[in-house]
Amino acid sequence: MQPHQIVSRQEWIEARKAHLAHEKELTRARERLSEERRALPWVKVDKPYLFDAADGRKTLADLFKGKNQLVVQHFMFAPDWNEGCKSCSFWADGFERMIPHLAARDTTLVAVSRAPLPKLLAFRNRMGWTFDWVSSAASDFNYDYAVSFTPDDLKSGNRIYNFGTADFSIEEAPGISVFYRNEAGDIFHTYSCFSRGLDMMNAAYHYLDLTPLGRHEEGLPYPMDWVRLRDQYQPVPASGAACGHG
C-alpha cells in the first residue's frame, strides 16, 4: 500500500464532506437509473419452460411461488461440472439470507443452473444454503436468456454475452433475470443484467470498496482470481502480509 496523506481530524472532515457531495451525486444518478429500469418495456414469455426442483417438475409460473415478481439468479454450473462456480457461490453467500425479506415485498428469488438436480442439491448442502435451486436441463431456458452457449456459439467469434457487448470463452456465464406475473397469470421478462452489472448485487464487494485497499485485485491473472468457495479459504494472513509487507 502506498504512503497516504495524514491530516488533522478537522481536515479529514472537510475532505470527507467534499467526497460526500460526490456520493450524493451518485445516489441521485442511481435513483434515476432505477426509475428508468422500472420503465423499460416488457416481453411476454410464451415459451413453456420446465425445471427440476426438489419437490418435482416445475413450470416458470411455479417458480414464482404465489408472488408477482421473480428474480432468477443464473448460477454457473454446467452438467459435467463437479461443483458450482466459485464466483457465483460468492454471490450466493450474499443472497442466502435475503429470501424472506424479498418475499415480504412480493418477490421470489430462485437460482437456476443446467446441472442435474442431484448435483445442485448436493452442492447446496455442502455450502449450507437453503434457497430454492432448480435445474433447467429439461429446457432451453439458459440459452434463451443468454447465460449458456453452445459449442457453435463459442466458435463463431461473435460477441455473445451481455447483449452482444462481450465475448465469453466458456459454456456458462453469470447473470440475473427478472420476471413479472400479472393477475391473469401472464408472465413477462422485464430485466436482465450481466457482467459488471452484477456487482451491485454483491454486498461483500461494496464493503471492500469502503476500505483503503478496496478490492485489491490489481496484478491478479483476472480480477476474481482470489475468490474461493467459502470452505476452501486458507487461514487469513496477518495484515502486514496482506499488504505485501510480510
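What you see is a predicted model; the values in this text were computed from it and never measured. (Residues numbered from 1 in each chain as written. Predicted model: local features only at pLDDT ≥ 70, side-chain atom pairs only at ≥ 80, totals over all residues. Heavy atoms only, no water.)

A. Representation of the overall build of the chain within the structure. A count of helices and strands for the chain gives 9 helices and 8 strands. Taken over the C-alpha atoms alone, the chain extends approximately 65 × 40 × 40 Å along its principal axes. Counting every position in the chain, which comprises 246 residues, the buried fraction comes to 33%. Accessible surface, the chain as shown: approximately 15200 Å² in total, 56% of it carbon and sulfur. In the chain, 29 positive and 32 negative side-chain charges are present, and the distance between their average locations comes to 4 Å. (Helix = DSSP H or I, 4+ residues; strand = E, 2+ residues; numbered from the N terminus. Buried < 20%, exposed > 50% of the residue type's maximum accessible area, 1.4 Å probe, protein only. Areas by Shrake-Rupley, 256 points an atom, 1.4 Å probe, with all protein chains shown as cover. Lys, Arg positive; Asp, Glu negative; His and termini not counted. Charge placed at Lys NZ, Arg CZ, Asp CG, Glu CD.)

B. Expanded view of the packing of aromatic side chains. Across all of its chains, the model carries 28 aromatic pairs by this definition. Ring centres of Tyr-49 and Phe-141 lie 5.2 Å apart, and the angle between their planes is 85°; this geometry places the pair in the edge-to-face category. Here Phe-141 lies in helix 6 (residues 141-144) and Tyr-49 lies in the loop between strand 1 (43-44) and strand 2 (50-53), a separation of 92 residues in the sequence. By relative accessible area, which is 5% here, Tyr-49 ends up buried. Its relative accessible area of 0% is what places Phe-141 among the buried residues. For the ring pair Tyr-161 and Phe-194, a centre distance of 5.5 Å and an interplane angle of 65° mean the geometry is edge-to-face. Pair noted here: Tyr-161 is in the loop between helix 7 (151-155) and strand 7 (175-181) and Phe-194 is in the loop between strand 8 (187-193) and helix 8 (203-209), with a separation of 33 residues, a long-range link. (Phe/Tyr/Trp six-rings, centres within 6.5 Å; stacked < 30°, edge-to-face > 60°.)

C. Main features of helix 5 (residues 117-127). For helix 5, the complete set of buried residues consists of Leu-117, Leu-120, Phe-123, Arg-124 and Met-127. The arc that holds the buried residues of helix 5, viewed along the axis, is 135°, so those residues lie on one side. Along helix 5, the residues that are exposed and aim more than 90 degrees away from the buried face are Pro-118 and Asn-125. Against the buried residues of helix 5 lie strand 2, helix 3 (86-95), strand 5 (107-113) and strand 6 (133-135). (Arc of directions from axis to C-beta. Contact = heavy atoms within 4.5 Å.)

D. Structural view of the pattern of salt bridges. A full pass over the atoms with the stated rule returns 15 salt bridges. For Asp-55, the salt bridge goes to Lys-58, with nearest N and O atoms at 3.2 Å. Classification of Asp-55 as exposed rests on a relative accessible area of 59%. The salt bridge involving Asp-199 is made with Arg-196; its shortest N-O contact spans 2.8 Å. Classification of Arg-196 by relative accessible area gives exposed; the value is 61%. The structure contains a network of salt bridges with shared partners spanning Arg-196, Asp-199, Asp-209 and Arg-215. (Salt bridge = Lys/Arg side-chain N within 4 Å of Asp/Glu carboxyl O.)

E. The arrangement of the pairing of strand 4 (residues 69-74) in detail. Burial of strand 4 is extensive: 5 of the 6 residues sit out of reach of the surface. Relative to strand 5, strand 4 runs parallel, the two being bridged by 6 bridges. Note that in strand 5 the partner of Gln-73 across the bridge is Ala-111. Pairing geometry for strand 4 and strand 7, over 6 bridges, is antiparallel. If you follow Gln-73 over to strand 7, its bridge partner there is Ile-176. (Pairing = 2+ DSSP bridges.)

F. Examining the nonpolar core more closely. Within the largest apolar cluster, 26 residues are counted, with the highest numbers of intra-cluster contacts made by Phe-75, Phe-77, Phe-123, Trp-129, Phe-131 and Trp-133. Of all elements in the fold, only helix 3, strand 5 and helix 5 reach the threshold of two or more residues within this core. For this core, the element with the highest residue contribution is helix 3, accounting for 5 residues. Once you skip the residues sitting within four places of it in the chain, Phe-75 turns out to touch Gly-84, Cys-85, Cys-88, Ser-89, Ala-92, Ala-111, Val-112, Ser-113, Phe-123, Trp-129 and Trp-133. (Core = buried A, V, L, I, M, F, W, Y, C linked by side-chain atoms within 4.5 Å.)

G. The side chain of Ser-192, seen in detail. Positionally, Ser-192 belongs in strand 8. Take Ser-192: its relative accessible area is 7%, and that puts it in the buried class. A polar contact is formed between the side chain of Ser-192 and the side chain of Ser-177, at a distance of 2.6 Å. For Ser-192, the side chain forms a polar contact with the side chain of His-189, separated by 2.8 Å. Ser-192 has contacts with Phe-163, Ile-176 and Ser-177, leaving out every residue within four places of it along the chain. (Polar contact = N/O pair within 3.5 Å; in protein donor to acceptor, adjacent residues only side chain to side chain.)

All we've got here are geometric facts, nothing functional implied.
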